[in-house]
Amino acid sequence: MLAYFGPQGTFTEQAARAFSATGDLAPYDTVPATLAATRRGETDASCVPVENSVEGAVPATMDALTEGAPLVAVAETVLAVRFSVLVRPGVTDPKTVASHPHALAQVRHWLAANLPSATAVATTSTAAAARSVLAGEFDAAVSAPVAVRHYPLEVLADDVADVRDAKTRFLLLRRPGPLPEPTGHDRTSVVVTATDKVGALSELLAELALRRINLTRIESRPTKGRLGEYRFYIDLDGHVAEPRVGDALAALRRHCPDTRFLGSYPKAAAGGARVDDEEFVAAAEWLASVREGRGA
Ligand SMILES: O=C(O)C(=O)Cc1ccccc1
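What you see is a predicted model; the values in this text were computed from it and never measured.

1. Quick notes on the packing of helix 2 (residues 31-39) against helix 3 (residues 59-66)
Two quantities define a packed helix pair, namely the angle between the axes and the distance from one axis to the other.
Step number 1: The interhelical angle for the contact between helix 2 and helix 3, taken along N-to-C directions, is 30 degrees, at an axis separation of 9 Å. Judged on the interaxial angle alone, helix 3 and helix 2 are roughly parallel. When the axes of helix 2 and helix 3 are compared, the crossing they make is right-handed. On helix 3, the residues that touch Val31, Pro32, Leu35 and Arg39 of helix 2 are Ala60, Thr61, Ala64 and Leu65.
Step number 2: In terms of residue class, the contact of helix 2 with helix 3 is made up of six nonpolar, one polar and one charged.

The structure is reproduced here in C-alpha cells:
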C-alpha cells in the first residue's frame, strides 16, 4: 500500500500512480499525515511533492522529513503541472478561488487579469479545494485537470498557469532498508545543520567540491530552535555506495553529527555530467589493501 498526499485528484496522486504497479493507493490529507502512515507501518511507502520549478521547495515536506523517525527516498519522478479552474455548474463569476499555496502562486497573474475581484484562499491541497467548492465553501478551485473525474464540477478555464512547462518533483519514501542499486545516474539527498561559525557552510560545500561532486540543490529551513540556526537540504549527483560520495557523506557527518541521510535513488531524467569514479574506486581499493597488510 502506497500513501499519497491527497485527497483523490491531487497532482501527487498522479505521481503516486507512476510509482505503483498495483494501483494500491491510500490518500492522506497532509504531507505529515502521509509520512506518519509509512513511519508507523500502516503503508509501505509514501509519495509527496518536494519541489516545483516555479515556486521552489515544499516546506511542509522538508519539515516532515526531518521531524520524526527517518525515512529514505528510493525513487523520484517529475510531473508537468497544468492547472484548471473548476466551479459548480452554472457559476461564472467566482468571488473566492481556493487552492494549495503552490498552485495559487503559479496562477497569480492569470487570476489578477481574469478574476480580479476574486479572493484567493489557501487549502491543504488542490483536490481539497475542489472538494470545498463542491461543498459550497468556495466558488472556484485551481486544480489538476484530472480533478473533474473525481468531483462533479465544471471547467471554467483550462491551462491557466503563468509560466508554461512548470514541473514538480515527487519522492517515493520508505522506512530505512536496503538501498536501490547504483545506476550511474543517481541522486543523493542529505540534511545537515551548519554550526554558527565563520565558514561553516563553505566547509561543508568544500567537502563536495574537493571530490568533484555536483551539488544539484541546496535549500535552508530554520531548525525552529534558535533564530539564525538552519538546516541545509542538499541534493548531489551520485550514490552513497560510490566511494567518492560515501567519503563526502562521512566528511559531512564529521562536521555535523546530526546529519540525516535522505536516500540515494535513480534520477528521473538522466542529466548532468557523468563523473568518472575510477580514481576514487582505485584509491579505496588501494587503502583496503594497505589496511589488510597486502602492501601497496
Ligand atoms: O495539491 C496538490 O494537488 C499537490 O499534489 C501539491 C501540489 C500543488 C501544486 C503543484 C504541485 C503539487
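2. Thoughts on the packing of helix 8 (residues 200-210) against helix 9 (residues 243-255)
Step number 1: The geometry of helix 8 relative to helix 9 is characterised by a closest axis approach of 9 Å and an angle of 165 degrees between their N-to-C directions. The pairing of helix 8 with helix 9 is recorded here as roughly antiparallel in orientation. Crossing of helix 8 over helix 9 shows right-handed handedness. For the pair formed by helix 8 and helix 9, the contact residues are Glu203, Leu204, Glu207 and Leu208 on the first element and Ala248, Ala251, Leu252, Arg254 and His255 on the second.
Step number 2: Classifying every residue of the contact of helix 8 with helix 9 by side-chain character gives five nonpolar, one polar and three charged.

3. Brief notes about the site of the ligand
Step number 1: Phe5, Thr10, Phe11, Thr12, His100, His102, Ala103, Ser125, Thr126 and Thr168 make up every residue found near the ligand.
Step number 2: Measuring from an oxygen atom of the ligand, one finds a backbone N or O atom of Phe11 at 2.9 Å.
Step number 3: Thr12 is positioned with one of its side-chain polar atoms (N or O) 2.6 Å from an oxygen atom of the ligand.
Step number 4: In the complex, 99% of the free accessible area of the ligand, which totals 310 Å², lies under the protein chains.

4. Description of the UniProt feature "site: Essential for prephenate dehydratase activity" (unreviewed entry) in the protein
Step number 1: As recorded in UniProt, the sites labelled "site: Essential for prephenate dehydratase activity" (unreviewed entry) are Thr168.
Step number 2: Mapped onto the elements of the fold, Thr168 is located in strand 11 (residues 167-174).
Step number 3: Among residues more than four places away in sequence, those in contact with Thr168 are Pro49, Glu51, Asn52, Thr77, Val78, Leu79 and Val81.
Step number 4: Within the local environment of Thr168, its side chain forms a polar contact with the side chain of Asn52, the two groups lying 2.7 Å apart.

5. Some remarks on the environment of Phe261
Step number 1: Assignment of secondary structure puts Phe261 in strand 15 (residues 260-266).
Step number 2: Since its relative accessible area comes to 26%, Phe261 is described here as partly exposed.
Step number 3: Placed 234 residues apart in sequence, Phe261 and Pro27 show a C-alpha to C-alpha distance of 26 Å.
Step number 4: Filtering out sequence-adjacent residues up to four positions away, Phe261 remains in contact with Leu71, Val72, Leu179, Thr188, Ser189, Val190, Val240 and Leu249.

6. Section: the environment of Arg226
Step number 1: With respect to the element layout, Arg226 can be found in the loop between strand 13 (215-222) and strand 14 (230-237).
Step number 2: Under the relative-accessibility criterion, Arg226 is labelled exposed at 51%.
Step number 3: Between the C-alpha atoms of Arg226 and Gly295, which are 69 residues apart in sequence, the distance is 51 Å.

Parameters at a glance
Residues numbered from 1 in each chain as written. Predicted model: local features only at pLDDT ≥ 70, side-chain atom pairs only at ≥ 80, totals over all residues. Heavy atoms only, no water. Axes fitted to C-alpha atoms, helices over the stretch in contact; angles between N-to-C directions. Helix = DSSP H or I, 4+ residues; strand = E, 2+ residues; numbered from the N terminus. Parallel < 35°, antiparallel > 145°, perpendicular 65-115°, else oblique. Left-handed = near helix turned anticlockwise from the far one by under 90°. Contact = heavy atoms within 4.5 Å. Nonpolar A, V, L, I, M, F, W, Y, C, P; charged D, E, K, R; others polar. Near = heavy atom within 4 Å. Polar contact = N/O pair within 3.5 Å; in protein donor to acceptor, adjacent residues only side chain to side chain. Areas by Shrake-Rupley, 256 points an atom, 1.4 Å probe, with all protein chains shown as cover. UniProt positions renumbered as here; feature names shortened; annotations may be inferred. Buried < 20%, exposed > 50% of the residue type's maximum accessible area, 1.4 Å probe, protein only.

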